[in-house]
Amino acid sequence: MKILVLVKQVPDTTDVKFNENGVMIREGLQSILNMFDQFALEEALRIREMYGGEVSVMTLAPEQAKTAMQKCLALGADKAYHISDRAFGGSDTLATSYALSLAVQKTGPYDIIFAGNQATDGDTGHIGPQVAEWMKIPHTSYVERVEKIENGTITVKSLLEDGYRMIEMKLPALVACIPPPNFEYSNPSMSGIIKAKNKPYIWMKADDIDGDKSKFGLNGSPTRVVKMYPPPKRERGQIFTGDYSESVRKIIEHLKEKKVIE
Amino acid sequence: MVDFTFTEEQEMIRESVRDFARKKIEPIALKMEETHKIPDDVIEGMAEMGLIAPTVSSKYGGQDFDPVTAGIIAEELSRADPTGSIPVFYLVQASWGHVFNKYGTEEAKKEILPNVTKGKWFLGIATTESDAGSDVLGTKTTIQKVGDKYVVNGEKMYISGVREAYTRGGGHVTIAKQFPEKGAKGMTLFYLPLQSKGIIPQYVDDLGREGISTGGFTIDNVEIPSHYIIGQEGKGFYIVHEGYEYARGLIAVICAAAGLKSLERGENYLKQRKAFGMPLAKFEGLQFKLAEHYTKLSYLRWGAYNALWTYHQEILGKASRFEVSKAIAMSKMFAQEWACEAIDDVMQWQGAFGYTRECVDQVAWRAVRSFGWAEGAKEIMKVIVSRELLGKDYTAYK
Ligand SMILES: Cc1cc2nc3c(=O)[nH]c(=O)nc-3n(C[C@H](O)[C@H](O)[C@H](O)COP(=O)(O)OP(=O)(O)OC[C@H]3O[C@@H](n4cnc5c(N)ncnc54)[C@H](O)[C@@H]3O)c2cc1C
């Protein structure tokens, strides 16, 4: 089984601040492996454990993203492909997915491609599906679990708003993963970290992937960000204190006043 | 050139241990005050991560880690566990695992170390007796060769991890007199399994580090095989200092981390608590305390890493044992005091709450206070540094 996981390094957004123009303040923010991608990787490693094979990881990102890639290797991935080139500067999701799809084909073929469902910074959820569309292979998003792989097909459990659906796809296929609630992320072990140093780390440039160069970077990016703003701050709710039944009565009165209930 | 940065790999180790400790240790840390036990799943998790005796060779399940890298792990464990129990569990095994790995026989290493690194057994150190602590030569426990075995008699006291080794398995690197007439050259170091026939444990009620036991044991005609001798007969007094020194360096890091973590809690409190219409953080009298403690503890932290680095240089053959002894003793000399002073002030800032059992900082204070004695009293650190400065001719005793 040849498996590839697409990953991204993102700013740690657990405690983000915005400046007055609504732009995220990046200074002081740590960079981390996108948690959706880590889940995808852990799912890929579980599949390798069950069916054997090799798991590679791939990112299209500036050099600093190497830390996130090293973490993937430390967690157990076998090989890393890091595509980094000025030519990809200013890429939107379309240009990124185009370049990635070329690199996937160049380094493949793979049986399964894993991706995080979305990245915690952009939150578009585009990359996985777009890579698959460029490659014309089946794909499913919101995958919480790969159920089985047999007879050249993969069955995945995908999250819906009100339940799940089981989807069977022909391989090769792409699955965009989302961690189930309370998923326990692994930490790289000491020996994993040491072994990571000696695993193949392959740098790739724009010239290393064949394709239509006009679709790379800013030129290949139809998306224009017009304005960014944080969602308006919600006012603090009103708190009713005191005796329990008295507070409930007050809340009901208040809601009636506001015509929320009759 | 001086470069105070950690390697990429070390940073990754720090991040991974910090995240592990945040998820698995922080939530249970204070509970150990009542359970008097490190939860089994934490020990299992640590073993899986490779955090138990990582100083041991990978041949026996360790990680071949150098002292600085071992220090990084100690620091992160200390930040996460104010009771100090897990840091102690870690530092003792890391230090004495190193000694065992260096001087143990191949047979003993194969038999014992994998069980230690897997978290099944505990590996401790037993030199102190009720009548001899700093003065190791005052040891009364004896070891005698009888046929192809050795027989040990005596007692040890104030020993960390007695319950752990007695119930889980494992034992202690132990010192005893083999040739009493030879003084320092008559002491032998060996591995003493605590589940041996003839060992009777007892426990003391410590002020802190509640998750790991301190106790003692009587040793009544306990037989050990010859391959349990560590190093050579008569070399124990010299070898044992290599373990102490490893442990002291780790303790200095642990003290700095415990103090700095307490200051972080203190900073938050100073910003939130208001008095006289403004946050406490605005009072310079308190700010200056914060600045002073932070500065001292940062020096302590770097002093400790420098000492561990010197230890590593010695392993690489680039520094002498004397340089190590001095650097290590300097790092431990004020470690407990500076950390306790900082934590004491953080307790003070919290007003009356600081004097309650709910206040985390008093837990940290009780833990750190133990390092004024454990693995070598702070006064002895001054004895060592003076000896290194003035030369042996000026030591009052050998
Ligand atoms: C919580 C805890 C855990 C411990 N765990 C272990 C363990 O796992 N294994 C182990 O072997 N031991 C352990 N110890 C014991 C520790 O190593 C000893 O307490 C320490 O070596 C001091 O010995 P002592 O207590 O006998 O004090 P003493 O040696 O009797 O000293 C008493 C006091 O006099 C001072 N003093 C002694 N000699 C001099 C001198 N020459 N100049 C100036 N001052 C001096 C000492 O610094 C100390 O303050 C532990 C101790 C504690 C508190």
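Residues numbered from 1 in each chain as written. Chains lettered and ligands numbered in written order. Predicted model: local features only at pLDDT ≥ 70, side-chain atom pairs only at ≥ 80, totals over all residues. Heavy atoms only, no water.

Caption draft 1: Spatial organisation of the interface of chain A and chain B. Contacts between chain A and chain B engage 13 residues on the former and 17 residues on the latter. In this assembly, chain A packs against chain B so that about 1,300 Å² is buried in total across both faces, 57% of it on carbon and sulfur atoms. Of all residues in chain A, A:Asn187, A:Met190 and A:Ile193 bury the most surface against chain B, accounting for 50% of the area lost on that side. Among the salt bridges present, the one from B:Lys24 reaches A:Glu184, with a minimum N-O distance of 2.8 Å. In this assembly, chain A and chain B are joined by eight residue pairs in polar contact (both at pLDDT 80 or more). The leading source of residues in the side of chain A that touches chain B is helix α5 (residues 190–196) of chain A, at four residues. In terms of residue class, the side of chain A that touches chain B is made up of six nonpolar, four polar and three charged. (Contact = heavy atoms within 4.5 Å. Buried area = accessible area lost by both parts, 1.4 Å probe. Salt bridge = Lys/Arg side-chain N within 4 Å of Asp/Glu carboxyl O. Polar contact = N/O pair within 3.5 Å; in protein donor to acceptor, adjacent residues only side chain to side chain. Helix = DSSP H or I, 4+ residues; strand = E, 2+ residues; numbered from the N terminus. Nonpolar A, V, L, I, M, F, W, Y, C, P; charged D, E, K, R; others polar.)

Caption draft 2: Representation of the sheet that holds strand β6 (residues 112–116) of chain A. Residue and element names in this part refer to chain A. A sheet is described by the order of its strands in space; here nine strands give the open sequence β9-β8-β7-β10-β6-β1-β4-β5-β11, paired in mixed fashion. Of all the strands in the sheet, just β9 (163–170) and β11 (201–204) have a single pairing partner and so form its edges. When strand polarity is set aside, the average angle formed by the axes of neighbouring strands in this sheet is 30 degrees. Against the sheet, helix α1 (residues 35–51) contacts β1 (2–6), β4 (54–60), β6, β7 (139–150) and β10 (173–177), and its axis sits at roughly 10 degrees relative to β7. Lying over the sheet, helix α2 (residues 66–75) contacts β4, β5 (79–83) and β11, oriented at roughly 165 degrees with respect to β5. (Pairing = 2+ DSSP bridges. Axes fitted to C-alpha atoms, helices over the stretch in contact; angles between N-to-C directions.)

Caption draft 3: Region of the structure containing a nonpolar patch on the surface. Residue and element names in this part refer to chain A. Taken together, Tyr-244, Val-248, Ile-252, Val-260 and Ile-261 make up a surface patch of nonpolar side chains, about 490 Å² in accessible area. You can see Ile-252 is positioned in helix α6 (residues 244–257). Exposure remark for Ile-252: the relative accessible area of 38% places this residue in the partly exposed category. (Patch = residues over 30% accessible without salt bridge, like charges linked within 9 Å, V, L, I, M, F, W, Y side chains within 5 Å. Areas by Shrake-Rupley, 256 points an atom, 1.4 Å probe, with all protein chains shown as cover. Buried < 20%, exposed > 50% of the residue type's maximum accessible area, 1.4 Å probe, protein only.)

Caption draft 4: Spotlight on the packing of helix α11 (residues 335–349) of chain B against helix α12 (residues 360–369) of chain B. Residue and element names in this part refer to chain B. Where α11 contacts α12, the two axes come as close as 9 Å, and the packing angle between them is 165 degrees. With respect to α12, the axis of α11 lies roughly antiparallel. Seen along the crossing, α11 lies across α12 with a hand that is left-handed. Between α11 and α12, the residues in contact are Gln-336, Ala-339, Cys-340, Ile-343, Asp-344, Val-346 and Met-347 and Asp-361, Gln-362, Ala-364, Trp-365, Val-368 and Arg-369, respectively. For the contact of α11 with α12, the class distribution of residues is eight nonpolar, two polar and three charged. (Parallel < 35°, antiparallel > 145°, perpendicular 65-115°, else oblique. Left-handed = near helix turned anticlockwise from the far one by under 90°.)

Caption draft 5: Spotlight on the nonpolar core. Ranked by size, the top nonpolar core spans 150 residues in total, and within it A:Phe114, B:Met46, B:Tyr90 and B:Leu91 carry the most contacts. The element that contributes the greatest number of residues to this core is helix α8 (residues 236–272) of chain B, accounting for 17 residues. Those residues in contact with B:Leu91, other than ones at most four positions away along the chain, are B:Ala247, B:Leu250, B:Ile251, B:Ile254, B:Phe371 and B:Glu375. A:Leu6, A:Ala99, A:Val104 and A:Ala115 belong to the second largest nonpolar core, which has 26 residues in total. (Core = buried A, V, L, I, M, F, W, Y, C linked by side-chain atoms within 4.5 Å.)

Caption draft 6: Spotlight on helix α1 (residues 8–29) of chain B. The largest bend along α1(B) measures about 40 degrees and falls at B:Arg22. Along α1(B), the residues that are buried comprise B:Gln10, B:Met12, B:Ile13, B:Arg14, B:Ser16, B:Val17, B:Asp19, B:Phe20, B:Ala21, B:Ile25, B:Ile28 and B:Ala29. (Bend = angle between axes of the 7 residues up to and from the residue.)

Caption draft 7: Inspection of the packing of aromatic side chains at higher detail. Evaluation of the coordinates by the stated rule reveals 17 aromatic pairs over all chains. Summarising the aromatic geometry, the rings of A:Phe88 and A:Phe216 are spaced 5.0 Å apart at their centres and angled 55 degrees between planes, so their arrangement reads as tilted. With A:Phe88 in the loop between β5 and α3 (93–107) and A:Phe216 in the loop between β11 and α6, this residue pair connects regions lying 128 residues apart in the sequence. A:Phe216 carries the same exposure label as A:Phe88, and that label is buried. Measuring from centroid to centroid gives 5.1 Å for B:Phe6 and B:Tyr305, while their planes differ by 75 degrees, and the two rings are edge-to-face. Highlighted residues: B:Phe6 in the segment before α1 and B:Tyr305 in helix α9 (residues 284–315), separated in sequence by 299 residues. What links up through ring pairs into an aromatic cluster is the set A:Phe88, A:Tyr98, A:Trp134 and A:Phe216. When the ring centre of B:Phe6 is taken as reference, the NZ or CZ atom of B:Arg14 above it lies at 5.2 Å. (Phe/Tyr/Trp six-rings, centres within 6.5 Å; stacked < 30°, edge-to-face > 60°. Lys NZ or Arg CZ within 6 Å of the ring centre and 35° of its normal.)

Caption draft 8: Up close: the domain arrangement of chain B. Residue and element names in this part refer to chain B. Along its sequence, chain B is carved into domain 1 (8–122), domain 2 (123–230) and domain 3 (236–394). Computed over C-alpha atoms, the centres of domain 1 and domain 3 are 20 Å apart. The interface of domain 1 with domain 3 comprises 31 residues on the first partner and 29 residues on the second. Between domain 1 and domain 3, roughly 2,500 Å² of surface is buried when both sides are summed, and carbon and sulfur atoms account for 66% of that area. Of all residues in domain 1, Pro-67, Arg-79 and Trp-96 give up the largest surface area on contact with domain 3, accounting jointly for 25% of the area buried on that side. Run the count over domain 1 and domain 3 and you get five salt bridges. Glu-33 is the salt-bridge partner of Arg-366, the closest N and O atoms lying 2.8 Å from each other. The interface formed by domain 1 and domain 3 holds 12 residue pairs in polar contact (both at pLDDT 80 or more) in total. When residues of the side of domain 1 that touches domain 3 are traced back to their parent elements, those giving at least two are α1, α4 (67–80) and α5 (85–103). The element that contributes the greatest number of residues to the side of domain 1 that touches domain 3 is α5, accounting for 12 residues. When grouped by side-chain class, the residues that make up the side of domain 1 that touches domain 3 number 17 nonpolar, seven polar and seven charged. (Domains from an automatic or database assignment.)

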